[in-house]
Amino acid sequence: MKKSFSINAITIIGILGVLLGVFWINMSLDFPKGSADGVPGAGSFPIATSVLLIALAVIMIMTSIREDKLYFNFREMEHENKLALLLTVVACVAFVVLW
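Residues numbered from 1 in each chain as written. Predicted model: local features only at pLDDT ≥ 70, side-chain atom pairs only at ≥ 80, totals over all residues. Heavy atoms only, no water.

Enquirer: Just checking my understanding: could you explain the packing of helix α1 (residues 9-28) against helix α2 (residues 44-66) for this structure?
Expert: How two helices sit against one another is set out by the angle between their axes and by the gap between those axes. The contact between α1 and α2 brings their axes to 8 Å, and the two run at 160°. In terms of orientation, α1 and α2 fall into the roughly antiparallel class. Crossing handedness for the pair α1 and α2: left-handed. Taken together, the residues of the contact of α1 with α2 sort by class into 18 nonpolar, eight polar and no charged. (Axes fitted to C-alpha atoms, helices over the stretch in contact; angles between N-to-C directions. Helix = DSSP H or I, 4+ residues; strand = E, 2+ residues; numbered from the N terminus. Parallel < 35°, antiparallel > 145°, perpendicular 65-115°, else oblique. Left-handed = near helix turned anticlockwise from the far one by under 90°. Nonpolar A, V, L, I, M, F, W, Y, C, P; charged D, E, K, R; others polar.)

And the structure:
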């Protein structure tokens, strides 16, 4: 039996975790990594935390793909609920952009 691929909520959260980890690594590359005597600098902790976040998010994605549980089926939602969800997402994006 061929298993169909479906993206569930845990997969989406895992993808967002990977993107957040990559963003944190990108932002922390400007920080000093350490001093001349080997003491970790301001950039060490954010990079280590980001690598841990990415690793956990990848594990989350892999386990959610193995599961065949669908938490959220957009196609079976009523029209009013789809509209409310879309407006919520648009409002959140607009808030972040305008902030």
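So that's the structure; there's more coming.
Enquirer: Help me understand the packing of aromatic side chains in this model?
Expert: For any pair of aromatic rings, geometry is given as the distance between the ring centres together with the angle between the planes. In the structure shown here, the tally under the stated rule is one aromatic pair. Between F95 and W99 the ring centres are 5.8 Å apart and the planes differ by 25°, which places this aromatic pair in the stacked class. We note that F95, like W99, is exposed. (Phe/Tyr/Trp six-rings, centres within 6.5 Å; stacked < 30°, edge-to-face > 60°. Buried < 20%, exposed > 50% of the residue type's maximum accessible area, 1.4 Å probe, protein only.)

Enquirer: Would you mind showing me how to read α1 here?
Expert: Residues that lie three or four places apart on an α-helix share one face, since the helix turns once every 3.6 residues. In this model, α1 (20 residues) spans 28 Å end to end at C-alpha, consistent with the 28 Å of a helix rising 1.5 Å per residue. For α1, the complete set of buried residues consists of T11, G14, G17, G21 and S28. One side of α1 carries all its buried residues, which in axial view fall inside an arc of 125°. The exposed set on the far side of α1, more than 90 degrees from its buried face, consists of L16 and L19. For α1, the secondary structure elements touched by its buried residues are α2. (Expected span 1.5 Å × (residues − 1). Arc of directions from axis to C-beta. Contact = heavy atoms within 4.5 Å.)

Enquirer: Sorry, what's going on with the side chain of T11 here?
Expert: Along the chain, T11 falls in helix α1. Those residues within four positions of T11 in sequence are excluded, and the remaining contacts are I61, S64 and I65.

Enquirer: Would you mind showing me how to read a nonpolar patch on the surface here?
Expert: Taken together, the side chains of F74, L85, V89, V93, V97 and L98 present a nonpolar region at the surface, about 590 Å² in accessible area. Secondary-structure assignment places V93 in helix α3 (residues 79-98). Owing to a relative accessible area of 49%, V93 belongs among the partly exposed residues under this scheme. (Patch = residues over 30% accessible without salt bridge, like charges linked within 9 Å, V, L, I, M, F, W, Y side chains within 5 Å. Areas by Shrake-Rupley, 256 points an atom, 1.4 Å probe, with all protein chains shown as cover. Salt bridge = Lys/Arg side-chain N within 4 Å of Asp/Glu carboxyl O.)

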